[in-house]
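# A closer look at the structure
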Amino acid sequence: FHPPDPGYAHAITITPRMAFGTGHHATTRLMIQALLALDVRDASVCDLGCGTAVLAILAEQRGAARVHAIDIDQAAVENAIDNIAMNNCQRIDVEKGDAALLRPLAFKVILANIERNTLQRDMAAMAAALLPGGALLLSGFIRDDADGMADAATAAGLHVVERMYEGEWALVGCRKP
């Protein structure tokens, strides 16, 4: 809802409609900051709970070879498809569903900005879908839940390598050995 600001490496146009992910919420900003620190060139990336697909779009802009965006909400899927087209993305596919769609796939990076209970429930599926050395970025929960999220990731066989905070919101970054 504003004109592009000059001087940034990435410009993403988003029409959010009813989906989450404009870049204005702290969890989205945390995910963007963590994603910018990763090398995703030529990587396979999954944006699980993609909402507007803002993270998927950024992953493609940063050189991801393939991005798979998944959301349980049909309105979000349609919004993601429109935003992907608006940003001239060519390597993102969008699918309606949940973490069960991860089973036959493997990713170098999984981005999951979803609420705490869903993240904890789907932690094993996300860990199984990561390639060795792959990164899982988790957000969508408050600072008080970061320890529980880290414990769930550790129980799924992942190593917690980073924690980031903005106000009351948190991000936990993990790697698969």
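Quick note: structure is the one above.
Residues numbered from 1 in each chain as written. Predicted model: local features only at pLDDT ≥ 70, side-chain atom pairs only at ≥ 80, totals over all residues. Heavy atoms only, no water.

## Quick notes on the overall build of the chain
Short version of the rule: For helices the rule is a DSSP run of H or I covering at least 4 residues; for strands it is a run of E covering at least 2, with both sets numbered from the N terminus onward. Buried, partly exposed and exposed residues are distinguished by accessible area as a fraction of the type maximum, computed with a 1.4 Å probe on protein chains only: under 20%, between the cut-offs, and over 50%, respectively.
Of the regular secondary structure elements, the chain holds six helices and seven strands. When the helices and strands of the chain are listed from N to C terminus, the series reads α-β-α-β-α-β-β-α-α-β-α-β-β. Across the 177 residues that make up the chain, the buried fraction comes to 48%.

## A word on the packing of helix 1 (residues 26-36) against helix 2 (residues 54-61)
Geometry of a packed helix pair, given as the angle between the helix axes and the separation of the axes. For the record, the criterion: Every axis corresponds to a line fitted to the C-alpha atoms, with the helix fit spanning only the stretch in contact, and the corresponding angles, defined between N-to-C directions, vary from 0 to 180 degrees. Under this scheme an angle from 65 to 115 degrees is roughly perpendicular, one under 35 degrees roughly parallel, and one over 145 degrees roughly antiparallel; angles in between are oblique. Put simply, a crossing is left-handed when the front helix is turned counterclockwise from the back one by less than a right angle, and right-handed when it is turned clockwise. Contact definition: two residues touch when any of their heavy atoms are within 4.5 Å. Residues were grouped as follows: Ala, Val, Leu, Ile, Met, Phe, Trp, Tyr, Cys and Pro as nonpolar; Asp, Glu, Lys and Arg as charged; and all remaining residues, including Gly, as polar.
Across the interface, helix 1 lies against helix 2 with an axial gap of 11 Å and an inter-helix angle of 15°. The angle between helix 1 and helix 2 falls in the class roughly parallel. The element helix 1 and its partner helix 2 pack so that their crossing is right-handed. In contact with T28, M31, I32, L35 and L36 of helix 1, helix 2 contributes V54, L55, L58 and A59. By residue class, the composition of the contact of helix 1 with helix 2 is eight nonpolar, one polar and no charged.

## Description of the pattern of salt bridges
Heads up, the rule is: One side-chain nitrogen of Lys or Arg within 4 Å of one carboxyl oxygen of Asp or Glu is enough to make a salt bridge.
For the structure on display, the rule yields seven salt bridges. For D145, the salt bridge is made with R116, and the minimal N-O distance between the two is 3.3 Å. Of this pair, D145 sits in the loop between strand 5 (130-142) and helix 6 (146-155) while R116 sits in helix 4 (residues 116-121), placing them 29 residues apart in sequence.

## Concerning the sheet that holds strand 5
How we decide: A pair of strands is considered paired only if DSSP assigns at least 2 bridges between the two.
Here we have seven strands laid out as an open sheet, ordered 3-2-1-4-5-7-6, and mixed in their pairing. Edge positions in the sheet fall to strand 3 (92-96) and strand 6 (159-166), since each has one partner strand and no second. The average undirected angle you get between the axes of adjacent strands in this sheet is 15°. Sheet topology note: the strand 2 (residues 66-71)/strand 3 ladder contains five bridges and is parallel. Bridge pairing in strand 3 links V67 to I92. Helix 2 contacts strand 1 (44-48), strand 2, strand 3 and strand 4 (107-113) of the sheet and is inclined by roughly 180° relative to strand 2. Each of strand 2 and strand 3 touches helix 3 (residues 74-86); the most contacted strand, strand 3, lies at about 170° to it.

## Observations concerning the pairing of strand 1
Worth spelling out the cut-off: When the strands point away from the viewer and the connection leading from the first strand across the helix to the second strand turns clockwise, the crossover is called right-handed.
Counting buried positions along strand 1 gives five out of five residues, so the element sits mostly inside the fold. Side-chain alternation along strand 1 places S44, C46 and L48 on one buried face and V45 and D47 on a second face that is also buried. In this structure, strand 1 lies alongside strand 2, joined through five bridges in parallel fashion. Note that in strand 2 the partner of V45 across the bridge is V67. Chirality of the crossover, the property in question, places the unit of strand 1, helix 2 and strand 2 among those that are right-handed. Pairing geometry for strand 1 and strand 4, over four bridges, is parallel.

## Re the environment of V77
Within the fold, V77 resides in helix 3. The buried category is assigned to V77, whose relative accessible area is 5%. Between the C-alpha atoms of V77 and K96, which are 19 residues apart in sequence, the distance is 6.3 Å. Those residues in contact with V77 that lie beyond four places of it in its chain are D71, V94, E95 and K96.

## Topic: unusual backbone geometry
Of note, A53 is a non-glycine position whose phi angle comes to about 80°, a positive value. Even without being a glycine, N88 presents a positive backbone phi close to 55°. In this structure, N88 sits in the loop between helix 3 and strand 3. Here N88 falls in the exposed class, since its relative accessible area comes to 60%.

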